[in-house]
Structures are given as C-alpha cells and as structure tokens.
Amino acid sequence: MTRNPLPFTQFVVKVHSRCDLACDHCYVYEHADTSWRSRPKTVADAVLARAAERVGEHAATHRLPSVRVVLHGGEPLLAGPERLRRAAEEFRAALPPGCSLDLRIHTNGVLLSPAFCDLFAELDVRVGISLDGDRAANDRHRRYADGRSSHPQVLRAVALLRRPEYRHLYAGLLCTVDVENDPVAVYRALAELEPPAVDFLLPHATWEQPPKRPAGRGPAPYADWLLTVYDHWEADGRPFAVRTFDSVHRTRHGLSSLTESLGLEPSALVVLETDGTFEQADSLKTAYDGAPATGLDVFTHSLDEVALHPGMAARQTGLAGLGATCRACPVVRSCGGGLYAHRYGGGSFDHPSVYCGDLMNLINGIADRSDGPDRPGGPDRPGGPGATVPAALPVQAGAPEVPAGLTGAQLDELARGHGGADTVRALNRSQLAITRAMLAAVRSTSGLARSAAWELLAELDSAAPAAVDAVLAHPYARAWAARRLGGDPAAGLGPLAGLAAAAAVRAGRGDAVAVPLRDGALHLPTLGRLDLGAGAREAVVTGGARGFAVRADDGSSARPGEGDPRWRPVRRVALAGGWTLALEDVDPQRDSHQWPVSDRLDDPELTAWSWALREAVELLDRDLPEYAVGLRAGLTTVTPLRPGPPGRDVSAAARQAFGAVGIARPATAPTLALLLAHEFQHVKLGAVLDRADLYDPADTGLYDAPWRPDPRPLEGLFQGTYAHLAVTAYWGTRVRAHDGLPGSAADHARAQFALWRRYTAEAVERLAGSGSLTALGLRFAEGMGATVGPWSAVPLPRAAEEAADRARRDRSPTVAG
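Residues numbered from 1 in each chain as written. Predicted model: local features only at pLDDT ≥ 70, side-chain atom pairs only at ≥ 80, totals over all residues. Heavy atoms only, no water.

Q: What should I look at first to understand the overall build of the protein chain in this one?
A: Each helix and strand counted, the protein chain has 26 helices and 24 strands in total. Here the C-alpha atoms of the protein chain give a radius of gyration of 30 Å, agreeing with the 28 Å that 2.2 N^0.38 yields for 817 residues. Expressed along its principal axes, the backbone C-alpha trace of the protein chain runs to roughly 95 × 70 × 45 Å. In the protein chain, which comprises 817 residues, the share counted as buried stands at 56%. Accessible surface, the protein chain: about 32,400 Å² in total, of which carbon and sulfur atoms supply 52%. Distance between charge centroids for the protein chain: 1 Å, based on 87 positive and 96 negative side chains. (Helix = DSSP H or I, 4+ residues; strand = E, 2+ residues; numbered from the N terminus. Rg over C-alpha atoms; globule rule 2.2 N^0.38 Å. Buried < 20%, exposed > 50% of the residue type's maximum accessible area, 1.4 Å probe, protein only. Areas by Shrake-Rupley, 256 points an atom, 1.4 Å probe, with all protein chains shown as cover. Lys, Arg positive; Asp, Glu negative; His and termini not counted. Charge placed at Lys NZ, Arg CZ, Asp CG, Glu CD.)

The structure is reproduced here in structure tokens:
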C-alpha cells in the first residue's frame, strides 16, 4: 500500500562540515559515522539554491503555514557571513506567499561577533548556543583540539546576545548532560545567563555503545541528575523554558511533545548535508557508519520522495513503530520510546531506549512532584447486571439472501462487529449509489429537468468522475438530499449548485457555476466556506487548474486559498499510514446529529483535535486493529460537537451521513479512540440496514436495553448492541494492558469490561429471542454472539464483578448508549 507521509516542516541545513572545537562527545566526528570526511567543507551556492527551491516546492504543495530552517554544522559560523547571508536570502525568497520562515543558527559560539549579530539582526536569524554549564562542566568535553578551554569565548558570545540590541536573537542554550558534573552548579551557571530556553540533552548512546554509569550513582543516574535540576527549576518559578520538562508535562496531559526525544509525534525533520545529500536525523550518526544516509540528493529528488524513505517512515509511525516492550509500557505516551537513535542495538532499532530506566524514573518523578501519579483511563459509564453469554444462536433453515454488493463472507465479517478494508469499501460504493439515486429523486421531484447545475454534474460525471465521486461521497451531500426529499422547508435547492461547483473546482476545467448564497456565505462541500457579506445573494464560481475564482452579484470577488481571511477551508488531519480525516466545521448540512455542532474551531482547539486524533488512531491501530482497518476505509469526516453536560462525553452518528461521526472532543485520546470505534459501528450497521431487512419493520414494540433506563425500539436495540461490541472490545484491551497491575485505572478497566460484556451478551440474547429478526437478522445475531462468547471466559476479580453489579443498579443513559 502506498504511504502518504506527513510533510517536512523542519530543515537542518549543514553550511559547513568542519568544526573549530574538538568536543569528545560530538556525534558528528567522534561516534560511528565517518561520512563527514568525504564531504565538502562549505556548502556550494548551487546546493543552497536548489535546496531553497525544494523547500519552497514542498511548502507550496502541502500549503505549509511556516517552516523552520536551522543553519548547522560542524560549526556554521565557519561558513562566513556572505555564505550565511546567501543561505538566508535563498530560503526566504523561495517560500510561497502565506508561508513564514523561522530561521535559526546553532553554534558553539566561539566565533560569534558583533558583525555576525548585526547580520543576524538584519536577516532575522535567531541564535542557539551550545554550553554545558559552568567552566568545569563545559571543559570536561567542549575544548579546542590542543586542550584549551572554550568557556570564556562562549560566555562572551552569550554576553553579546544579552545586549539590548541583540536580545531578540537569543534563542537559548543547549546543554549535554554529564552525570559527573554537579547538576546544581550546571543549572545555576545556565540560569545566570538568562536564557529564554534550555535544552538538556542526554549524551548520544546505543545498546552497542551504552552511556557511562559511574559506580555508586544508582540504577538511573541520568534521571536523578535531571530531577535535581527540575527541583531547582521549579523552586525558581520555571525562569526559562526547558523542552524536556515541558514535554513531560504536556504529554502526560494528552498534548504534543516539544522534542523528538520524547512523545509519539511523527518526525517532520530532514537534514541537508554540504554535498547536497538528504539525510535522516543527525543523531543517527551515533548508531553505525552510514546510518542516517538516504541515497537521495537535492538535485535529483523532491522532498516528497525523501519522505517516502523507509527510515523517514519509521520515525512517523508513532506507537505502532515501537517494539512490544515499549507499547506495553505505562509511560509510553510521554516517553515515546526515547530518541530513535538511542534504541539501536544488534542491527535494529526495535528496542527500548538505552536510557529506558532513566526515562521511566524521570517521567514518574516529574509526575510525583506535580499532581501525583498519572491516572490513565476512559470514561466512567454506569451499567447494569450480568447476563449469561449465549454460546451460539440458532439460524433459520435456508441460506438468507446476502445484500447486493456484499459477499457472504463480508456479511459475516460485519456481523461479528468488524469489517476489513474491502468490506467497508463495498459499503462505501453502496452508499455512494444511494446518494446518487437520492439526488436523481431530488431532480425529478423538484422540476429540475433543465437545471444548469444538474447538467454540469452529469457532464463532469463523464469527463471527471473522480471529482464528482469525491463530492457526492461527502457525508452531508446525502444529508441535504434526505432533508429535501423529506419535505424540510429549509432544504432549498442551492446545495445542488454547491455540489456542482465543488466538483467543477476539483475537476479544474474552468467551468463556471452560479451558486445561491446562504446568509452571504458560499458553501462548497468538501472544500470550505467563503464569507462574502450580507449584501450578496449569488456568486459565480469558476474552477481552474490553479485554484478557483469567485465573483458575487454585489461586485465583490475572491480567489480563495490566496490568503483571503474570508475563506474558511475544510481542515484535514494527516494520520499515520496515509489516512486523512476532515474536521468538518463549516458545512451547514453538518447539523445532522442529535447534538448541536461546534462553531469554527480556533487554532488552539484545531491543534488539540489534531494531536488527539493522531494519538487515538495509534491506539486503535495497536489495540483494536480489527475495528481500525474498517475505520480507515470508511471514516472520512469528524464533525466537532458542542460539549455535553459535565462528566458526559458526547458523540453521535447520523443514518443519512455515512462516513461521518460527530464528537465533542473528550479530555483524553483513549476516550476519543473509544468514541470513534463506537460511533463507526453505527455507521456500518446503518449502511447494512440501507440494503437489507434485519428485522420485521412491523414490530413496533419496545425492548429493554441493558445500558439505558428507557426501553428502545428494535432498531435502537440492534444499533446499541452492535456499537457495544466495540465498547466491550475496547475495555478488554484495557484489561490486558493492566494485566497483573494494581491501581485505580486497572480496577476501573476490569469493572468496565465486566459491565459491558454482560450488557452485550444480554442484548444479543434479547435480539435473538425477539421473534422479529429476519433470516439475515438472525445471521447477524449469530455473528455478534460469536464475538461475545469468548469474553465470558476472561477471568476477572470478584471486586470487578461487584463493581459491575453496583453500576447496573444505577444505570442511566450514557454516550455509550
């Protein structure tokens, strides 16, 4: 399967390959890799120019709002002021409109002068300095080749950056940890320099070349050293940012890490060497000779091609890319397996970090010092009493007819609660056919025999079918058609023109479409919304190969996508494995769920959603792969909902919006994973019910649903039972994750699994005994029973069963119901 990697956003550009110091802990010259010996000392003009072009192309292709370029070495100041000017100007000129440049240089500081600082002030280049603390600490490793100290020169460089005229250039300090240095002395020496930020880096090491661990320092000396620094940093009121400490705090609360050495965020960094070759992260030089090499270069290969390199892919897979030991670790979401290079040993990176114990102690130590031990867990869902699990349910004689578009094996796969990629893609095709039929019905019932919008859709369906399919597969295209056919007086015909315009834009042929506006806004399904103002009633949309143009009947115009603040595009979240989810917060038809939708997400909330979805998908891929594969094939859209009452997670699916789920972002990514799996069960079953009768529609009776206090119609019981297969499976994975572990999180998981396995078993039995299931319905119930049965054999403590009993006695409607 072709992978769709995440774009690069950080570019380390080596402008000089040699150094004027001889630091004995340097990974470039003193570790396994020797490629520096054969590289040009200084980057050539042609390499800089082509590199800038490549970065500009990449930013334009992926519509990046900003990129970071770090001028690096060796020692980058050895390249000289003119070369550095050339680099800055090339990269700044190459970026497309709307993409900002965060330009930095990282130096040992010994050559930094007022002339360099003036240049950096002119070019807006921020400066980071390497300094390991006080003189004794710094001189342990950072010396000239003849043994002289570099400390006075570095202090002089920092003093320059602290001058008022240069203070804005001061990016911070980088300190490599040595446990034989006094952590308090190091911290005080760095704090006295008033840095805006400090990075404390573990010295590069692998299982082949492990870090030094002096006798008598305990089993985790690096954690102890860093925790000593942490205590003084906290006591001083956190006077500057420390990415390591800040990242632990953030990842413990579900936020992203600020450094690639912690957390599960995919790497978005690529290195350009002085000879124009692309490399992976520099830290890999510590693993083995040639480890960071890609075999790709700036003259021959695009950055999208570089992103497809297996080594790059390995650092973008998050939780799924870790070994079994790491995946099972309780602090994995903060640790992330540690820095990728530090996992190397025995010819592979499929190991925990060589600093595993130190990272565990550091994360737990910070947790203990802040708000106590982490308490991972999912939503508290009150429940009900137990029920016996049916071993198997009877099937009526004779083979029931399988719905069109599905094979018998695919139907059975769905019946068990699952559905692989091919099975869900079959549902996709079936649903698209239904949407097309509904649009045809709208045309025939609304007097649109000569509609320009309809005729254009029909023409594009022949000339550019993929463009039409992409628009008609949008979940809320069908939602509008259903409203229109249902006689909703607010469901006008304007959305049909919007569908035609969106397809025309995607086709890029230059077709013009007149689209009625809604409250002064142009809505293009799958693309976004353009706010033109209350005075406009209609706009003509012209789609072309390089975007599209809009002209309203009040004379206003726009070219969305060119920095126009009136354009609100549909934002998409890129997930591992090439899956992209739309966060739909602009389509007026999205209000199709049983809960109010959220307004347009602001940037912080968009970021929170993005990271939560990435973590949730990693958890689903790892723990619920039989559900995740179907989600990947069929879920295209998440519609943010407004938060529910305190203590209640809100989510919903809509029968007429296949491919979408509505969710109010929960507090944790695991809860989001549960809600995604739960709601997509409704989506799948709704698609089956569109093609097959699973029960007698004449049955108007109400049935007790174990998880609710109010009785439900038979379809409601069927839907709830099917959805709770995923809920129970989720809690089963939590029980396995906490196997043998004490604590409230483990107890909660066991109680929830005890509760939901009872609920689903009882509900399947009730469905089968209703007397109203068709032959296909009984086949479905048999499949659900086959999934439920083995859960009864999972041993649980008596306390978990008693907690389930108490929960059932107090049952009430929950998001899971």
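Further notes follow.
Q: Where do I start with the side chain of Ser 35 in this structure?
A: By the secondary structure assignment, Ser 35 is in the loop between strand E1 (10-14) and helix H1 (45-61). Engagement of the side chain of Ser 35 in a polar contact is seen with the side chain of Arg 39, the distance being 2.8 Å. Among residues more than four places away in sequence, those in contact with Ser 35 are Glu 279, Lys 285 and Asp 289. (Polar contact = N/O pair within 3.5 Å; in protein donor to acceptor, adjacent residues only side chain to side chain. Contact = heavy atoms within 4.5 Å.)

Q: Where do I start with the sheet that holds E1 in this structure?
A: Reading across the sheet, the 10 strands line up as E7-E6-E5-E4-E3-E2-E1-E8-E9-E10 and stay open at both edges, with mixed pairing between neighbours. Looking along the sheet, the strands with just one partner apiece sit at the ends: strand E7 (241-242) and strand E10 (293-297). In this sheet, strand E6 (residues 197-201) lies alongside strand E5 (residues 170-176) in parallel orientation, the contact comprising four bridges. Its bridge partner lying in E6, Thr 176 is registered against Leu 201. (Pairing = 2+ DSSP bridges.)

Q: Can you help me understand the sheet that holds strand E22 (residues 660-663) in this one?
A: Consider a sheet: its strands pair through backbone hydrogen bonds, and that pairing is either parallel or antiparallel. On the basis of which strands lie adjacent, the open sheet formed by five strands has the order E18-E19-E20-E22-E21 and mixed pairing. What marks the edges here is a single partner per strand, and that holds for strand E18 (571-574) and strand E21 (651-652). Across two bridges, the pairing between E21 and E22 is antiparallel. Paired with Ala 652 across the strands is Gly 662, a residue of E22. Across the sheet, helix H20 (residues 603-623) touches E18, strand E19 (580-583), strand E20 (637-640) and E22, and the angle it forms with E18 is around 35°. Each of E20, E21 and E22 touches helix H22 (residues 669-691); the most contacted strand, E22, lies at about 135° to it. (Axes fitted to C-alpha atoms, helices over the stretch in contact; angles between N-to-C directions.)

Q: Would you mind going over the nonpolar core with me for this structure?
A: Taken as a class, soluble globular proteins show a tendency for nonpolar side chains to be buried jointly. Within the largest apolar cluster, 103 residues are counted, with the highest numbers of intra-cluster contacts made by Leu 84, Leu 112, Phe 120 and Phe 200. It is helix H7 (residues 221-235) that provides the largest number of residues to this core, a total of eight residues. Those residues in contact with Leu 112 that lie beyond four places of it in its chain are Leu 77, Cys 117, Phe 120, Ile 129, Ala 157, Leu 160 and Leu 161. Among the nonpolar cores identified, the runner-up in size contains 82 residues, and Ile 663, Ala 673, Tyr 695 and Leu 796 belong to it. (Core = buried A, V, L, I, M, F, W, Y, C linked by side-chain atoms within 4.5 Å.)

Q: How should I be thinking about helix H2 (residues 81-94) in this particular structure?
A: Owing to its 3.6 residues per turn, the α-helix brings residues three or four apart onto one side. Compared with the 20 Å implied by 1.5 Å per residue over 14 residues, the 20 Å span of H2 between its first and last C-alpha is a close match. Taken as a whole, H2 has its buried residues at Leu 84, Ala 87, Ala 88, Glu 90 and Phe 91. All buried residues of H2 project into a common sector of 165° when viewed along the axis, lining one side. Opposite the buried face of H2, at more than 90 degrees from it, the exposed residues are Glu 82 and Ala 93. Check the buried side of H2 and you find it contacts E1, H1, strand E2 (66-72), strand E3 (100-107) and helix H3 (114-123). (Expected span 1.5 Å × (residues − 1). Arc of directions from axis to C-beta.)

Q: What should I look at first to understand the packing of aromatic side chains in this one?
A: To describe a pair of aromatic rings, you give the distance between the ring centres and the angle between the ring planes. The full count for this structure, using the stated rule, is 18 aromatic pairs. Seen from their ring centres, Tyr 722 and Phe 780 are 5.7 Å apart, and the 45° between their planes marks the pair as tilted. Separated by 58 residues along the polypeptide, Tyr 722 in helix H23 (residues 714-737) and Phe 780 in helix H25 (residues 775-788) bring together distant segments of the chain. Pair check on accessibility: Tyr 722 and Phe 780 agree, each one buried. Ring pairing ties together the aromatic residues Phe 200, Trp 225, Tyr 230, Trp 233 and Phe 245, which thus form one cluster. (Phe/Tyr/Trp six-rings, centres within 6.5 Å; stacked < 30°, edge-to-face > 60°.)

Q: Looking at this model, I keep getting lost on the packing of H23 against H25. Mind explaining?
A: Between two packed helices, what matters for the description is the angle formed by their axes and the separation of those axes. Closest axis-to-axis distance for the H23/H25 pair is 11 Å, and the angle between their directions is 30°. Compared by their axis directions, H23 and H25 come out roughly parallel. Here the hand of the crossing between H23 and H25 comes out left-handed. Two secondary-structure elements touch here, H23 through Phe 718, Thr 721, Tyr 722 and Leu 725 and H25 through Gly 777, Phe 780, Met 784, Thr 787 and Val 788. Of the residues contributing to the contact of H23 with H25, the split by class is six nonpolar, three polar and no charged. (Parallel < 35°, antiparallel > 145°, perpendicular 65-115°, else oblique. Left-handed = near helix turned anticlockwise from the far one by under 90°. Nonpolar A, V, L, I, M, F, W, Y, C, P; charged D, E, K, R; others polar.)

Q: Quick question: what am I supposed to make of the packing of H7 against helix H13 (residues 356-370) here?
A: It is at 8 Å that the axes of H7 and H13 come closest, and there the two elements cross at 30°. Between H7 and H13, the angle is such that the two are roughly parallel. Between H7 and H13 lies a crossing of right-handed hand. Here H7 contributes Pro 221, Tyr 222, Ala 223, Leu 226, Leu 227, Tyr 230 and Asp 231 to the contact with H13, which in turn contributes Asp 358, Asn 361, Leu 362, Gly 365, Ile 366 and Arg 369. Class assignment of the residues belonging to the contact of H7 with H13 gives a composition of eight nonpolar, two polar and three charged.

Q: Quick question: what am I supposed to make of the state of the cysteines here?
A: Each disulfide consists of one covalent bond between the sulfur atoms belonging to two cysteines. Tallied over the entire structure, the rule returns zero disulfides. There is no disulfide at Cys 117, and the cysteine sulfur nearest it, in Cys 19, is 18 Å away. (Disulfide = S-S within 2.5 Å.)

Q: I tried to follow helix H14 (residues 408-415) on my own but got confused; where do I start?
A: Turning to H14, its buried residues are Gln 410, Leu 411, Leu 414 and Ala 415. Viewed along the axis of H14, the buried residues span an arc of 145°, placing them on a single side of the element. On its buried side, H14 packs onto helix H15 (421-445), H22, H23 and H25. Following H14 by one or two positions, Gly 417 adopts a phi angle in the positive range, close to 100°.

Q: Would you take a moment to explain the pairing of E18 for this structure?
A: Successive residues of a regular strand alternate their side chains across the two faces of the sheet. Judged by which residues are buried, E18 turns out to be one-sided: Arg 571 and Val 573 face inward and are buried, whereas Arg 572 and Ala 574, on the alternate face, are not. Here E18 folds back onto E19 in antiparallel fashion, the turn holding five residues, of which Gly 577 has a positive phi close to 80°.

Q: Even after reading the chapter, I still don't get the confidence of the model for the protein chain, so can you show me in this structure?
A: Here the protein chain averages 88 in pLDDT, and 94% of its residues register 70 or above. Model confidence for the protein chain, summarised as mean pLDDT per element, is weakest for helix H11 (residues 324-327) at 78 and strongest for E20 at 97. Here residues 372-400 is a poorly scored stretch, pLDDT under 50, and it has 85 contacts once near neighbours within four places are set aside; other chains count. Taken as a whole, residues 812-817 scores under 50 in pLDDT and shows 23 contacts with residues more than four places along the chain or in a different chain. (pLDDT = per-residue confidence, 0-100.)

Q: Hey, could you run me through unusual backbone geometry in this one?
A: Note on backbone geometry: most residues besides glycine have negative phi, and most peptide bonds are trans. For the peptide bond that leads from Gly 73 to Gly 74, omega is 20°, which places it in the cis range. Residue placement: Gly 74 occurs in the loop between E2 and H2. The backbone phi angle of Asp 124 is positive, close to 60°, even though this residue is not glycine. Turning to its location among the elements, Asp 124 is positioned in the loop between H3 and strand E4 (125-130). Exposure remark for Asp 124: the relative accessible area of 43% places this residue in the partly exposed category. In this structure, Arg 238 takes a positive phi of about 50° despite not being glycine. Mapped onto the elements of the fold, Arg 238 is located in the loop between H7 and E7.

Q: Help me understand the pairing of strand E13 (residues 528-531) in this model?
A: Two elements, strand E12 (residues 521-524) and E13, share four bridges in a ladder whose sense is antiparallel. Directly across from Leu 524, in E13, lies its bridge partner Gly 528. Across three bridges, E13 lies against strand E17 (residues 567-569) in antiparallel orientation. Its bridge partner being in E17, Arg 529 is matched across the sheet by Arg 568.

Q: Even after reading the chapter, I still don't get the pattern of salt bridges, so can you show me in this structure?
A: Pairing between side chains of opposite charge can happen when their charged atoms approach one another. Counted according to the given criterion, the structure contains 60 salt bridges. Arg 54 is paired through a salt bridge with Glu 57; the nearest N and O atoms lie 3.6 Å apart. One end of the pair, Arg 54, and the other, Glu 57, are both in helix H1, three residues apart, so they sit about a helical turn from each other. With relative accessibility at 8%, the residue Arg 54 sits in the buried group. (Salt bridge = Lys/Arg side-chain N within 4 Å of Asp/Glu carboxyl O.)

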